[in-house]
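# Secondary and tertiary structure notes
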Amino acid sequence: MLIDLFYHLRKSGVPVTIKELLILLEALQARLAFCDANEFYMLARTCLVKDEKYFDRFDQAFGAYFQGLEQIEDFAEALIPEHWLEADFLRNLSDEDKAQIEAMGGLEALLDTLKKRLEEQEKRHSGGNKWVGTGGTSPFGHSGYNPEGIRIGGESKNKRAVKVWEKRQFRNLDDSVELGTRNIKVALRKLRQFARTGAAEELDLDDTIKSTASNAGLLDIKMVPERHNAAKVLLFFDVGGSMDPYIRVCEELFSAARNEFKHLEYFYFHNCVYEHVWQDNSRRYAEKIPTLDVLHTYGPDYRVIFVGDASMSPYEIADRFGSVEHMNDEPGAVWLRRITDTWDKVIWLNPANQRYWGYTHSIAMIQQLMDDRMFPLTLEGIEQGIKYLSK
C-alpha cells in the first residue's frame, strides 16, 4: 500500500524520495501511528513532505488515494448488508431538531458505538436515531443528519463526516496557485541573515540557567536583543501604464517584504530607471530622488529586486530621450548597468506570463542587462530569485 501511495504522491507533484518513505516505515514500525487514519495522515505528512508549499498537493493526493476510507467500504461490505443502506427518503429536519442532536465524543467513541450497533442490529433501518441505515439522525449510515458521524455508503449530504486531510488548510501554500501575501512570505523567508541588535528585551534562557547555577541558585536573569532578519533589500517597483493589471500582486509582495525585512528601502519608476526615482506616487514630480543618491547611499551588502513587466518601447531602454515622460539625457540601459555594477546581487521579477516573454523585444533587452536574472513573479519564481540573492 505504501509503495502505491509513494508513486501516487510523486505523480501528483509531491517530491518524495525513497529515504523519506523508509523513515515513514520506521515510524510505523515504532507504532507512532496505529489503527487511526488521521494519525497516519499527520505522520505521513511529517515524514514525506519537507517543504510546506507542498502541503496542499499532499492533502489532495492523500485524499484521492484514501477516498475509500471515508466510506469505510471494506468495513461496510464485510459486516453490513447492502439493503440496509438503500436510501428511500431523506428526512427533513427543522433547525430545532438539529440543535437537539449531540455529538458522541469523537472518532474513537463513534467506532466503538458502531461496533456495538452492528452486534445488536438484525435488519435494515431507516429514519431513526440509533441504527445503521439511511435518513434520520443516527451517526452511522448516510442520507441523514448528525453533526459528527461516520458515513457508510451513499453520497455525502451534509458534509459532516469526520475527516482531516480534505480540509486542505494549507491550500494557499501551493506554488501552482495564485500568489498571496502568505505565499510570498514563505518564499522571502529564505533570504534571512539573523542578527541581534538594539535593546536587550528578550530572555536568554540558556544564559539565565547557567548564570543562576553559577550564582549558587540565586536567580540571575540575562536578556538579549531581539533576533531579527538582518538582510538588506532595495525594492524598485515599476508603476503605471501596463503595470496597472498587476497592482494587487505588487501590493502583496510589498506587504510581505515589509513584514519580513527590517532593512528595506523601496522606490518607484516608470518602465525603466532613469536619473530620478520616487517614493510617493502622488508627489512623484515634486519629490524626486536622484538615482545617483541611491547608488551612493546604500552599501554593497544590499540585495536589489526590480519588479516590472519590462514591456515598453525598445527606445526607452536603448536611446537618449527615449523616455515617454521626459527628455532623459542618458538611456535607461546606462542606469541599469550602473545599478548592476554597484550591487552584485540584482534580480528582476516579472509579473507578465512567462510564456509571452519571447514576443516582447524590451523583455529580452532587460533580461540581457540583468544577465538573465529575470524570474516570473510567481511563488516558484520568487524562490528562484531569492535563492540567487542568498548565495
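In the block above lies the structure referred to throughout.
This text gives an overview of the structure that appears in the document. Values in this document were obtained by computation on a predicted structure and should not be read as measured data. (Residues numbered from 1 in each chain as written. Predicted model: local features only at pLDDT ≥ 70, side-chain atom pairs only at ≥ 80, totals over all residues. Heavy atoms only, no water.)

## What to know about helix 11 (residues 247-260)
The following threshold applies: Each helix is a run of H or I in the DSSP string that is no shorter than four residues. Each strand is a run of E no shorter than two, and both are numbered from the N terminus. The span you would expect from a helix comes to 1.5 Å times its residue count less one. Relative accessibility decides the category of a residue: with a 1.4 Å probe and only protein chains considered, values under 20% of the type maximum give buried, values over 50% give exposed, and everything between is partly exposed.
The first and last C-alpha atoms of helix 11 sit 20 Å apart over 14 residues, in line with the 20 Å expected at 1.5 Å per residue. Within the sequence span of helix 11, burial applies to Val249, Cys250, Glu252, Leu253, Phe254, Ala256, Ala257 and Glu260.

## What about unusual backbone geometry?
Leaving glycine out, the prevailing phi sign among residues is negative, and the prevailing peptide bond configuration is trans. Positive phi, normally seen in glycine, also occurs at Ala216, with a value near 60 degrees. Secondary-structure assignment places Ala216 in the loop between helix 10 (205-214) and strand 6 (223-229).

## Quick word on the side chain of Glu316
Rules: Each polar contact in these results corresponds to two N or O atoms within 3.5 Å; when the atoms are within protein, one needs to be able to donate a hydrogen and the other to accept it, and residues that are neighboring in sequence are counted only if both atoms are side-chain atoms.
With respect to the secondary-structure elements, Glu316 resides in helix 13 (residues 315-318). In terms of polar contacts, Glu316 uses its side chain to reach the side chain of Asn271, at 2.8 Å.

## Topic: the environment of Ala231
Position of Ala231 among the secondary structure elements: in the loop between strand 6 and strand 7 (232-238). For the pair Ala231 and Glu260, spaced 29 residues apart in sequence, the C-alpha to C-alpha distance is 9.4 Å.

## What about the packing of helix 1 (residues 2-11) against helix 4 (residues 55-65)?
Applicable threshold: Interaxial angle, 0 to 180 degrees, is taken between N-to-C directions of lines fitted to C-alpha atoms, where a helix line uses only the stretch in contact. In this scheme, roughly parallel covers angles under 35 degrees and roughly antiparallel covers those over 145, while 65 to 115 is roughly perpendicular and the rest are oblique. For a crossing to be left-handed, the near helix must be turned anticlockwise from the far one by less than a right angle; the clockwise case is right-handed. Whether two residues touch is decided by their heavy atoms; if any such pair falls within 4.5 Å, the residues are in contact.
At their nearest, the axes of helix 1 and helix 4 sit 10 Å apart, and the two run at 135 degrees to each other. With respect to their mutual orientation, helix 1 and helix 4 come out oblique. Every pair of crossing elements has a handedness; the one defined by helix 1 and helix 4 is right-handed. Across the interface between the two elements, Asp4, Leu5, His8 and Leu9 from helix 1 touch Phe58, Ala61, Ala64 and Tyr65 from helix 4.

## What to know about the sheet that holds strand 12 (residues 346-350)
Selection criterion: The rule for pairing is simple: two strands pair if DSSP sees at least two bridges between them.
Pairing is parallel across the open sheet formed by five strands, whose spatial order is 8-7-11-12-13. Of all strands in the sheet, those with a lone pairing partner are strand 8 (263-269) and strand 13 (374-376), marking the two edges. On average, each strand axis in the sheet is tilted by 25 degrees relative to the strand beside it, whichever way the strands run. Here three bridges tie strand 12 to strand 13, and the two strands are oriented parallel to one another. Note that in strand 13 the partner of Asn350 across the bridge is Pro376.

## With respect to the pattern of salt bridges
Cut-off, in case you're wondering: Salt bridges are identified by distance alone: a Lys or Arg side-chain nitrogen within 4 Å of an Asp or Glu carboxyl oxygen.
With the rule as written, the count across this model stands at six salt bridges. Ionic pairing is found between Arg248 and Glu252, a salt bridge with its closest N-O pair at 3.5 Å. With Arg248 and Glu252 both in helix 11 and four residues apart, the pair spans about one turn of that helix. Residue Arg248 is classed as exposed on the basis of its relative accessible area, which comes to 58%. By relative accessible area, which is 13% here, Glu252 ends up buried. Between Asp371 and Arg373 there is a salt bridge, with its nearest N and O atoms 3.5 Å apart. Taking relative accessible area as the criterion, Asp371 reaches 53% and is therefore assigned exposed. The class of Arg373 is buried, set by a relative accessible area of 12%.

## Details of the packing of aromatic side chains
Quick reminder of the rule: Only Phe, Tyr and Trp rings are paired, with Trp represented by its six-membered ring, and only when their centres lie within 6.5 Å; those with planes under 30 degrees apart are stacked, over 60 edge-to-face, the remainder tilted. Look at NZ for Lys and CZ for Arg. If either is within 6 Å of the ring centre and within 35 degrees of the ring normal, a charge sits over the ring.
Counted according to the given criterion, the structure contains 16 aromatic pairs. Taking 6.0 Å as the distance between ring centres and 40 degrees as the angle between the ring planes, the aromatic pair formed by Phe40 and Phe62 counts as tilted. Residue Phe40 is located in helix 3 (residues 37-48), and its partner Phe62 is located in helix 4; the two are separated by 22 residues in the primary sequence. Here Phe62 falls in the buried class, since its relative accessible area comes to 1%. Residues Phe267 and Tyr298 carry aromatic rings whose centres are separated by 6.2 Å and whose planes lie at 65 degrees to one another, so their mutual orientation is edge-to-face. One end of the pair, Phe267, is in strand 8; the other, Tyr298, is in the loop between helix 12 (291-297) and strand 11 (303-307), and 31 residues separate them in sequence. An identical accessibility class is assigned to Phe267 and Tyr298; each is buried. Between Arg338 and the ring centre of Trp335, over which it is positioned, the NZ or CZ distance is 4.4 Å.

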